[in-house]
Amino acid sequence: MCGIVGYVGPQPALDVVVNGLARLEYRGYDSAGVAVQGGGALHTEKRAGKLANLRQALENHPVEGDGAGIGHTRWATHGAPNDVNAHPHVDNDHRLAVVHNGIIENFAALREELEEAGCKFVSETDTEVAAHLLSTELKRRGDRDLAAAMRAVCRRLEGAFTLVATSVEDPGLVVAARRNSPLVVGRGEGENFLASDVAAFIAHTREAVELGQDQVVELRADSVAVTDYDGAPVDVNEYHVDWDASAAEKDGYEYFMLKEIVEQPRAVADTLLGRVTADGRLALDEMRLTPQQLRTVEKIVIIACGTSYHAGLIAKYAIEHWCRIPCEVEVASEFRYRDPILDQQTLVIAISQSGESMDTLMAVRYAREQRARVLAICNVNGSTIPRESDGVLYTHAGPEVGVAATKTFLTQLAACYLVGLYLAQVRRMKFDDEIDAVIGQLATMPDQVERVLETVEPVRELARSLADARTVLFLGRHVGYPVALEGALKLKELAYMHAEAFAAGELKHGPIALIEEGLPVVVVVPSPKGRGVLHDKIVSNIQEVRARGARTIVIAEEGDESVRPYSDTLIEIPAVPTLLQPIVSTIPMQVFACELALAKGNDVDQPRNLAKSVTVE
Ligand code: F6R
């Protein structure tokens with residue numbers, strides 16, 4: 001939520017900042033702005049709408065800047081997405097600019113105090129409070145030491161924030177602070193960068209520095225100094241980013257989402273890479289939880305949001321089946337408010353591709369306070385959730401820029417299967433050859449995903465033909481139920497259509513009343529070879545909806561002729577083991593939603609009202 005960039009160095013700051021924002025636009029795209037130092041003054045420009053509007057404004061009124069620069073792309077929380085509320089926000093002397101990601105919870109009281117002291121506010125944002133506070137603190141220090149002023153401001157703020165500021169009093173300096181919101185430093189040669197995500201500076205450097213909770217960083221062209229909020233220097237963790245700028249390009253595709261769907265075979269392969277030792281044992285190096293700790297686990301609770309929650313629902317089937325450990329799955333935003341029963345024998349698995357979802361982060365903190373052990377499954381290296389967890393399994397899917405999760409979902413599934421098998425291994429719940437057999441099946445999944453991608457053209461045609469549908473229903477059983485939920489979510493977020501998913505057995509308990517002539521109903525059919533009884537039941541469910549006029553779109557294993565007579569459209573997927581089927585059955589859903597949204601003229605990379613990383617609760 002909101003993308004932030006800061007730069008100090010010899011390159012034209014404006015170009016570096018705007019190009020950085022272009023890489024972060026997926027984080028928020030309802031307005032954008034920049035502030036650059038030049039000739040002893042601060043130059044700012046900001047515009048409602050996408051970055052293109054800001055670029056146009058900068059073309060019409062070029063900004064001269066040779067010093068430090070900061071920029072922001074916004075996902076609105078306080079105040080409508082218009083020019084005035086766009087960031088940066090400046091103090092009343094226009095000598096200091098601030099950009100912000102997060103929510104300052106005590107902003108109303110602070111605003112009142114500042115207004116009484118004579119500050120004039122122009123926007124409705126919480127961020128403007130930070131600009132005036134910072135200016136007041138800087139003046140108190142005789143216009144020296146922006147970092148000390150930032151530390152003093154942060155001590156007064158409540159909520160979640162990343163703040164980045166620059167002041168004409170020190171043209172070669174950008175200062176930033178973070179609490180509960182992402183911020184990472186890029187170390188260059190004679191230049192340094194700050195951003196919400198390494199994607200913003202990956203074209204310049206792959207050397208990054210993680211910033212911890214409640215830290216302030218002073219960024220100059222030749223130095224990076226990090227302290228806590230009291231000014232004490234802190235040790236930082238440096239790391240090398242294992243992907244390069246080309247991974248964050250569209251590569252000839254019109255949308256990132258299209259590219260990311262196609263990247264899925266590679267992404268799943270990368271998640272599985274290097275997990276098996278020479279003697280055939282699973283080894284999850286980043287896990288940090290010892291086999292002894294995992295042997296004492298009595299209950300697993302999976303917490304996640306949105307698509308990641310659907311991955312968790314699927315993981316439950318695999319973990320309970322392979323490990324015989326009771327496993328609950330809960331939407332992270334509900335978790336800590338119901339007083340869940342947790343103790344040291346509870347393993348909490350937090351699934352979050354961004355590693356920054358505030359709902360999941362808060363649930364992780366709560367779980368750790370209750371002494372549960374937390375394992376994170378994340379895609380973004382160095383993000384907050386893995387840093388605050390006891391262990392981590394990175395999915396290594398590479399950067400996902402399209403707001404709708406695609407390759408990160410499939411790789412979360414692969415990671416969950418690895419965790420399930422690893423637990424079965426250390427707890428001796430399965431024989432080694434049984435685990436080997438599943439690992440072998442998992443290893444074939446990248447090829448199976450590739451096969452699905454080669455055959456999805458009819459799904460595209462189908463999607464285009466349904467562009468005018470008002471509602472689409474999705475049905476599934478067993479692991480097909482979370483896949484149905486995921487299909488409905490994709491359609492809602494991309495095509496802005498009403499879509500709902502049901503466990504197929506629930507249909508007769510109410511939702512069947514929704515079925516009317518021509519209503520598209522997508523059904524995920526389990527393999528007839530796996531759970532035969534489930535298969536037969538869902539075939540009956542297909543007949544029930546068809547008898548009431550539904551247009552049935554059936555996703556079934558190739559060779560499953562029993563569903564053909566009841567399918568208006570039959571989408572065939574490769575035969576794979578029942579528990580692994582979501583890796584292949586999800587793909588037609590992704591393609592369907594993407595194509596239908598494109599047919600409606602929607603931007604599938606930046607759907608309305610959404611952002612990639614949801615850093616507010
Ligand atoms: C949907 C989607 C969201 C995310 C959710 C959690 O396509 O991407 O539903 O899955 O916001 O995000 P992470 O996984 O970053 O915690």
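Residues numbered from 1 in each chain as written. Predicted model: local features only at pLDDT ≥ 70, side-chain atom pairs only at ≥ 80, totals over all residues. Heavy atoms only, no water.

(A) Representation of the side chain of Thr73. Among the secondary structure elements, Thr73 is positioned in strand E4 (residues 69–74). The residues touching Thr73, leaving out its near neighbours within four places in the chain, are Cys2, Gly3, Leu21, Leu24, Glu25, Gly28, Tyr29, Ser31 and Ala32. (Helix = DSSP H or I, 4+ residues; strand = E, 2+ residues; numbered from the N terminus. Contact = heavy atoms within 4.5 Å.)

(B) The arrangement of helix H15 (residues 445–454) in detail. Burial in H15 covers these residues: Met445, Pro446, Gln448, Val449, Val452 and Leu453. Looking down the long axis of H15, one finds its buried residues gathered within 160° of arc, a one-sided arrangement. Residues Asp447 and Glu454 are exposed on H15 and point more than 90 degrees away from its buried face. Buried positions along H15 lie against helix H6 (256–262), helix H7 (264–272), helix H13 (407–426), helix H14 (432–443) and helix H19 (581–599). (Buried < 20%, exposed > 50% of the residue type's maximum accessible area, 1.4 Å probe, protein only. Arc of directions from axis to C-beta.)

(C) Looking closely at the sheet that holds strand E8 (residues 174–179). Here we have 6 strands laid out as an open sheet, ordered E5-E6-E7-E8-E12-E13, and antiparallel in their pairing. Both outer strands of the open sheet, strand E5 (89–90) and strand E13 (223–228), are each paired with one neighbouring strand and no more. As paired elements, E5 and strand E6 (residues 96–104) share 2 bridges and run antiparallel to each other. Note that in E6 the partner of Val90 across the bridge is Ala97. Packing of helix H5 (residues 146–156) onto the sheet brings it into contact with E6, strand E7 (159–167), E8, strand E12 (215–220) and E13, and relative to E8 it is tilted by some 20°. (Pairing = 2+ DSSP bridges. Axes fitted to C-alpha atoms, helices over the stretch in contact; angles between N-to-C directions.)

(D) Region of the structure containing the packing of aromatic side chains. One pass over the full model with this rule turns up 4 aromatic pairs. Seen in terms of ring centroids, Phe193 and Phe201 are 6.0 Å apart; in terms of plane orientation they differ by 35°. Their pairing is tilted. Ring centres 6.1 Å apart and planes at 90° place the aromatic pair Phe335 and Tyr366 in the edge-to-face group. With a gap of 31 residues between them, Phe335 in helix H10 (residues 332–335) and Tyr366 in helix H11 (residues 358–369) connect regions that are remote in the sequence. Across the pair, exposure class does not vary: Phe335 and Tyr366 are buried alike. Lying over the aromatic face of Tyr496, Arg608 brings its terminal NZ or CZ to 4.0 Å of the ring centre. (Phe/Tyr/Trp six-rings, centres within 6.5 Å; stacked < 30°, edge-to-face > 60°. Lys NZ or Arg CZ within 6 Å of the ring centre and 35° of its normal.)

(E) Inspection of empty space enclosed by the protein at higher detail. On inspection of all chains with the given rule, the structure shows 4 cavities of 30 Å³ or more. Looking at the largest cavity, its volume works out to about 90 Å³. The element contributing the most residues to the lining of the largest cavity is E6, with 3 residues. Of the volumes computed, that of the second largest cavity is approximately 50 Å³. Along its surface, the second largest cavity is lined by Val459, Leu462, Val522, Ile553, Ile555, Ile571, Pro588, Met589 and Phe592. (1 Å grid on protein atoms, 1.4 Å probe; cavity = no way out; pocket = protein on both sides within 12 Å on 5 of 7 lines; lining within 4 Å. Points joined across faces, edges and corners; volume = space filled by probe spheres on them.)

(F) Region of interest: the sheet that holds strand E19 (residues 391–394). Here we have 5 strands laid out as an open sheet, ordered E16-E15-E17-E18-E19, and parallel in their pairing. Each end of this open sheet is capped by a strand with a single partner; those strands are strand E16 (327–331) and E19. Direction aside, neighbouring strands of the sheet carry axes that sit 20° apart on average. Taken together, the 6 bridges between strand E17 (residues 346–352) and strand E18 (residues 373–378) define a ladder with parallel strand orientation. Bridge pairing links Leu347 to Arg373 in E18. The strands touched by H11 are strand E15 (299–304), E17 and E18; relative to E17, the strand with the most contacts, the crossing angle is about 165°.

(G) Examining the domain arrangement of the protein more closely. According to the domain assignment, the protein contains domain 1 (3–244), domain 2 (260–443) and domain 3 (451–599). Using C-alpha coordinates to define each centre, domain 1 is positioned 46 Å away from domain 3. (Domains from an automatic or database assignment.)

(H) The arrangement of unusual backbone geometry in detail. Along the chain, His87 connects to Pro88 via a cis peptide bond; the corresponding omega equals 5°. Along the chain, Pro88 turns up in the loop between E4 and E5. Phi is positive for Asp251, close to 60°, though the residue is something other than glycine. Positionally, Asp251 belongs in the loop between strand E14 (237–240) and H6. We classify Asp251 as exposed; its relative accessible area is 57%. The phi torsion at Arg288 lies on the positive side, around 60°, for a residue other than glycine. Inspection of the secondary structure assignment puts Arg288 in the loop between H7 and helix H8 (291–295).

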